[in-house]
Amino acid sequence: MISGMSAAQFAQQLIGADRAGKDTLYKGKLTNSKTQLDAYTLLENNMKKMATKLSEIGGDATKGKIATVSGDNATATVKSDAPKGNYDLSVHKLAQAHQLTKTYASENELLPASGVISIQVGSDPTKRMDIDLATINGGAAISVSQLRDVINKQVGNPGVQASLVRTGNQIEFMLSSKESGVANQVKVEFNGADWGMTERRAAQDAELTLNGIDITSSSNYLENVVDGVSLELVKVHAAGDSSMIKVADDFEANKKTVKDFVDSFNSLMTQINQLTRSMGVKASDSSSSDKDKEDKTTAVSEAQIGVLKGDTSLRLLQSRLRDSVFTTASNGMRLSDIGIEIGRDGKLKIDDAKLTDSFKSDPEKVQAMFTGEGSYVKNVEKTLKPFTQFNGYIDQKQEALNKQIKSVNDSMDRHNYQMNQKYQIYLTQFTAMEATINQFSAASGLFS
C-alpha cells in the first residue's frame, strides 16, 4: 500500500480527522453536565445533612439535663423534661431474683421415669409449666442435664432459667427466676408436693427512700421515678448514709448543640461559595474544624470549584441564609446577644465565654432562640425547604442535567454510527484502490 499503510489504517486516519471536532464537543458537554450533576448531588447531601441536624437542634437538643450522684450506690439518667433539683437517696435493699437448687451426684443421674414436675412463677396461673416425666422422652428416663435443656427450651417457660453448678463432688441443679422481685418467686412441686429444693437466694424487692418518700420496686432499675429521672440501684447504703442526686442543666451539651448549628451553617455557606465562585476560592478554604467534619458526601473537589457559578438561585439562597440568622428571634434576642457574630468571611463565629455565660444566666431564653416557631432553626429550615423538598429546586436541576446527559449520549451514539458507516465506505474505497495498485505492480513486473 501507499506509504506502507494498509487500507484500514488510511480509513482510520481519515475518520479520526473527520470526527475529532464533534468528539471534543460532546466530551466537553458530557463532562460539564456530569460535573454539574455531581455538584448538585453534593449540595443536596449537605442540605439534607443540615436539615437533619436542624431537626435535632429544633427539638429538645438545647434543653439537655445532667444528673450527678454522690457515691457509688446508684447511677441516674435524665431526660430533657426532668425538673432541676436535689434528691436525697438511701438504698435499703436491692431487688433479687429467686434462686433454688437441688443436689445430685452427677449431671448424668437419671430422674424418676414417671411423675410431673410443676414450676410456678408468682401467682399468675398462666405462668406455670408442667413437665410429665413419663412422656417427655418417649417413656425413657431423662438425666439432670436433659431436664435443664427441657426447661430452657420449653415454649411455655414461665420465666425461669435452669443451670448446673459443678462443685467438684456433685451437681447443684439450679433454677433462677428471670425477673427479680417478690412477685416473681418460684415454686417447684413434684406430683403436687414440694420437690425439696433449697432456697439459695430469696425473692426480694428493692426498698429505698427518695427525699424521705418510701419506694419499693421489683427491679433495681426504676424508670421515670421522678419525671424524666431514672435510677439504677447498685448497692445498699450503710445505716445512716445516703447519696445526693443533683439534676441540672447540661451546659456543655447545650453549648455543643449551638456549635453544631453554627458548624452546619458555615459548612453549607462554604460549599455554596466554592461551587458558585471560580476566583479566590479553593477546595481547602475552610477552617480546620470544618475540614474535620467533612466526608465524601460533602467535600468539594478542585474540579468542582465554580462549576455552578451561573446559578443565581444558589447565590440568592446564600443571601437569604445570611438574612435568616441576622433577624431577631421570636423572643426578641439576637445571636450577637449570646456571643455569635458573623465574620468578614461570611461565617458565624462563637465567643465561647459569652455563650457559656448566656446559658448559665438564662438557659431558657437561649433555648427559645433555637426551638419553636420564629426560632433561628425554623428560619433556616424554611429557607432551605424550596431547595430540599421533593421535586424542589435541586431535584429539578438534577432532572434537567440527567436529560442533558442522555441527549449528549444519544448524539454520541448517532455520531459513532455515522462515523462507522463512513469508515466502511473509506475502507471499501481504499481496499479497491489497494487491489488496483497491486494489479498494476504485478503487470509492470512482466516488463522488467
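As the structure is a prediction and not an experimental result, all values here were calculated from the model.

## Thoughts on the overall build of the chain
Per the secondary structure count, the chain includes nine helices and 18 strands. Taken against the 2.2 N^0.38 rule, which gives 22 Å for 448 residues, the C-alpha radius of gyration of the chain at 40 Å runs more than 25% over that of a compact globule. Considering only residue pairs separated by 6 or more positions, the chain has 73% of its internal contacts joining residues 24 or more positions apart. In the form shown here, the chain has an accessible surface area of approximately 23,900 Å², with 50% of it arising from carbon and sulfur atoms.

## Description of the nonpolar core
The biggest cluster of nonpolar side chains holds 48 residues, and the ones touching the most others in it are Phe261, Leu314, Leu321, Leu335, Ile338, Phe370 and Leu384. Of all the secondary structure elements, the ones that give two or more residues to this core are α1 (7-57), α3 (251-276), α5 (312-326), α6 (352-361), α7 (363-370), α8 (376-388) and α9 (393-444). Of all the elements, α1 adds the most residues to this core, at eleven residues. Every residue in contact with Ile338, bar those within four places of it in the chain, is listed here: Met333, Asp351, Lys354, Leu355, Ser358, Val366, Met369 and Phe370.

## With respect to the domain arrangement of the chain
Per the domain assignment, the segments making up the chain are domain 1 (1-64 + 250-279 + 300-437), domain 2 (65-94 + 206-249) and domain 3 (99-201). Using C-alpha coordinates to define each centre, domain 1 is positioned 51 Å away from domain 2. Taken residue by residue, the interface counts nine residues in domain 1 and six residues in domain 2. In total, about 530 Å² of surface goes out of reach between domain 1 and domain 2, with carbon and sulfur atoms giving 44% of it. Our count for the domain 1 to domain 2 interface comes out at two residue pairs in polar contact (both at pLDDT 80 or more). Among the elements that make up the side of domain 1 that touches domain 2, the one with the highest residue count is α7 (three residues). Broken down by class, the residue content of the side of domain 1 that touches domain 2 amounts to two nonpolar, three polar and four charged.

## Examining the sheet that holds strand β11 (residues 198-201)
With respect to topology, four strands assemble into an open sheet ordered β7-β8-β4-β11, the strand pairing being antiparallel. The open sheet has two edge strands, β7 (160-166) and β11, and neither has a second partner. Averaged over all pairs of adjacent strands, the angle between their axes in this sheet comes to 30 degrees, without regard to strand direction. Its contacts with the sheet place helix α2 (residues 144-153) against β4 (99-104), β7 and β8 (171-177), and it is angled at close to 155 degrees to β7.

## Quick word on unusual backbone geometry
Apart from glycine, the bulk of residues carry a negative phi angle, and the bulk of peptide bonds sit in the trans form. Positive phi values are uncommon outside glycine, yet Asn211 reaches one of about 50 degrees. Here Asn211 falls in the partly exposed class, since its relative accessible area comes to 44%. Despite not being glycine, Asn224 shows a phi value in the positive range, around 55 degrees. Within the secondary structure layout, Asn224 lies in strand β14 (residues 221-226).

## Looking at the pattern of salt bridges
Per the counting criterion, the structure on display carries 21 salt bridges. Of the charged contacts, one joins Glu44 and Lys48 as a salt bridge, the two residues approaching to 3.4 Å between their closest N and O atoms. Of this pair, Glu44 and Lys48 both sit in helix α1, four residues apart, roughly one helical turn. Judged by relative accessible area, which is 13%, Glu44 ranks as buried.

## With respect to the environment of Phe251
When you line up the elements, Phe251 lands in helix α3. Measuring from C-alpha to C-alpha, the distance between Phe251 and Ser358 comes to 9.9 Å, with 107 residues separating the pair along the chain. Excluding residues within four positions of it along the chain, Phe251 makes contact with Phe359 and Lys360.

## As for the packing of α3 against α5
Running from N to C, α3 and α5 cross one another at 155 degrees; their axes reach a closest spacing of 10 Å. Relative to α5, the element α3 is oriented roughly antiparallel. The chirality of how α3 crosses α5 is left-handed. Residue-level contacts link Phe261, Phe265, Leu268, Met269, Ile272, Asn273 and Thr276 of α3 to Leu314, Arg315, Leu317, Gln318, Leu321, Arg322 and Val325 of α5. Residues of the contact of α3 with α5, tallied by class, amount to nine nonpolar, three polar and two charged.

## Some details on the pairing of strand β6 (residues 128-132)
The side-chain alternation of β6 yields one buried face, formed by Met129 and Ile131, and one unburied face, formed by Arg128, Asp130 and Asp132. Strand direction decides the pairing type here: strand β5 (residues 116-121) and β6, joined by five bridges, are antiparallel. Its bridge partner being in β6, Ile119 is matched across the sheet by Met129.

Reading guide: rules and limits
Residues numbered from 1 in each chain as written. Predicted model: local features only at pLDDT ≥ 70, side-chain atom pairs only at ≥ 80, totals over all residues. Heavy atoms only, no water. Helix = DSSP H or I, 4+ residues; strand = E, 2+ residues; numbered from the N terminus. Rg over C-alpha atoms; globule rule 2.2 N^0.38 Å. Contact = heavy atoms within 4.5 Å. Areas by Shrake-Rupley, 256 points an atom, 1.4 Å probe, with all protein chains shown as cover. Core = buried A, V, L, I, M, F, W, Y, C linked by side-chain atoms within 4.5 Å. Buried < 20%, exposed > 50% of the residue type's maximum accessible area, 1.4 Å probe, protein only. Domains from an automatic or database assignment. Buried area = accessible area lost by both parts, 1.4 Å probe. Polar contact = N/O pair within 3.5 Å; in protein donor to acceptor, adjacent residues only side chain to side chain. Nonpolar A, V, L, I, M, F, W, Y, C, P; charged D, E, K, R; others polar. Pairing = 2+ DSSP bridges. Axes fitted to C-alpha atoms, helices over the stretch in contact; angles between N-to-C directions. Salt bridge = Lys/Arg side-chain N within 4 Å of Asp/Glu carboxyl O. Parallel < 35°, antiparallel > 145°, perpendicular 65-115°, else oblique. Left-handed = near helix turned anticlockwise from the far one by under 90°.

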